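Below, each chain spelled out in residue letters.
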Amino acid sequence: MADTTRRMLQLLTLLQSRGRYPGRDLAARLGVSERSLRRDVERLRSYGYPVAAQPGPAGYYQLDRGTQLPPLVLADDEAVAILGALAVLSATRMPGGLGESAAGVYSRIEMFLPKRLRPQVAAWRAAIEASPEHAAVVAPEALATLAKACHERRVVRFRYAVAAGAGGRSGERTGYRSGEPSGERLVERTVERTVEPHRLVHRHLNWYLLAWDQAREDWRTFRLDRIADLTALTCTFTARELPEESASAYLAQGFTRDRTRVVVTVAAPRDDVAVALAYQHAELTPIDASTTRVELRLDDWRWLILTLAFLDADFTIEEPPEFVAAAARFAARLAHHARPLDVSVVP
């Protein structure tokens, strides 16, 4: 019986790891005959696992979607990975958002951990501390509704809070052609929008919806935390070709649309530069193991200078000329006001 149970758990793990699994290959992996395999599949079905089978020489087994959620079988590393991700998400402590849901799921999964894994997971959870992020709270229900509408291609309607400075007359444009600058002040007026949702994008701790605005007859992106009274309608739409290679690329293009292209060469490995520019949309190209070319778009060069200075690596601003000149003047001003240290008075 112990061998049978162990074999069935192995069978379930294999079926969960891929789509269709040829019967002969599955039997060989388990070290049993195809007849024994069929019996094990019947046992799984009796436990509520919807295993579909295609008979014949090219037959296969497949774990189908069922009407209820049967128990999941996870390998040790999979269980630890899931709990680690949930611990990080719940540690962000964003009230009312996904953090609280993640904490609840963590507690339920943790109850079923085998004894050998509990010390490892407990040590991980105790060691993880995620600083509170100032991110806008988005209700999990809104994410679920929009994700389903994207999948089923259903039109949605909602009220949207207009951002000042978003373009148009007094911020009347409720979505932006490709992204929106961060930190904009909201006005109290809201407007109703009916859109065809296509993608959800998570960028810099905020959730965005890329959708076709039926009234504007154009693509728009919407911050989910500014959406209220969300309703999925019964009418459907035909999928459209995205305006860029991906929704993320379209959103990023909007963040940098009106900014100046800047190219910098940094005497540091690509990974180090990537960490320094973690929250910027920058193209990083390694020239060699210790030199990186950075291309990004800016509206102010000063923060880039400070960021690269703290990286403690030599760098050269290649273009544009006005940024090169401004940085040179800034460096000269710092050098002029710096005072040499008189070592004779240092205790």
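Core analysis: the biggest nonpolar cluster contains 19 residues, and Val262, Val264, Val266, Val273, Val294 and Leu304 have the highest contact counts within it. Counting only elements with at least two residues in this core, the list comes to β9 (260-266), β11 (291-298), α10 (302-310) and α11 (321-337). Beyond its immediate stretch of four places on either side in the chain, leucine 304 contacts Val262, Val264, Leu277, Leu296 and Leu298.

In this section: helix α3 (residues 34-46). When the terminal C-alpha atoms of α3 are compared, their 19 Å separation across 13 residues agrees well with the 18 Å that a helix rising 1.5 Å per residue should span. For α3, the set of buried residues is Ser36, Leu37, Asp40, Val41 and Leu44. Taken around the axis of α3, the buried residues stretch over an arc of 145°, which confines them to a single face. In α3, the exposed positions that point more than 90 degrees away from the buried face belong to Arg35 and Ser46.

This next bit is on the packing of aromatic side chains. Across all of its chains, the model carries 4 aromatic pairs by this definition. Relative to phenylalanine 222, the ring of tyrosine 160 lies with its centre 5.0 Å away and its plane at 85°, an arrangement referred to as edge-to-face. One end of the pair, tyrosine 160, is in strand β4 (residues 154-163); the other, phenylalanine 222, is in strand β7 (residues 218-223), with 62 residues separating them in the sequence. Measuring from ring centre to ring centre gives 5.6 Å for tryptophan 212 and tryptophan 219, while their planes differ by 85°; the resulting arrangement is edge-to-face. Judged by its relative accessible area of 16%, tryptophan 212 falls in the buried class. For tryptophan 219, a relative accessible area of 8% translates into the label buried. In this structure an aromatic cluster arises from ring pairing among Phe158, Tyr160 and Phe222. Taking the ring centre of tryptophan 212 as reference, the NZ or CZ of arginine 240 above it sits at 4.1 Å.

Attention shifts here to the pairing of β7. Within β7, 6 of the 6 residues are buried, which leaves the element mostly enclosed by the surrounding structure. Side-chain alternation along β7 places Asp218, Arg220 and Phe222 on one buried face and Trp219, Thr221 and Arg223 on a second face that is also buried. Pairing between strand β6 (residues 206-213) and β7: 6 bridges, direction antiparallel. Bridge pairing links tyrosine 208 to arginine 223 in β7. Linking β6 to β7, which pair antiparallel, is a turn of 4 residues; within it glutamate 217 sits at a positive phi near 55°.

Glancing now at the sheet that holds strand β3 (residues 60-63). As summarised here, the arrangement of the 3 strands in space is β1-β3-β2, forming an open sheet in which the pairing is antiparallel. Looking at the sheet topology across the chains shown, the edges are occupied by β1 (20-22) and β2 (51-54). Averaged over all adjacent pairs, the angle separating strand axes in this sheet is 25°, with direction ignored. Two elements, β1 and β3, share 3 bridges in a ladder whose sense is antiparallel.

Parameters at a glance
Residues numbered from 1 in each chain as written. Predicted model: local features only at pLDDT ≥ 70, side-chain atom pairs only at ≥ 80, totals over all residues. Heavy atoms only, no water. Core = buried A, V, L, I, M, F, W, Y, C linked by side-chain atoms within 4.5 Å. Buried < 20%, exposed > 50% of the residue type's maximum accessible area, 1.4 Å probe, protein only. Helix = DSSP H or I, 4+ residues; strand = E, 2+ residues; numbered from the N terminus. Contact = heavy atoms within 4.5 Å. Expected span 1.5 Å × (residues − 1). Arc of directions from axis to C-beta. Phe/Tyr/Trp six-rings, centres within 6.5 Å; stacked < 30°, edge-to-face > 60°. Lys NZ or Arg CZ within 6 Å of the ring centre and 35° of its normal. Pairing = 2+ DSSP bridges. Axes fitted to C-alpha atoms, helices over the stretch in contact; angles between N-to-C directions.

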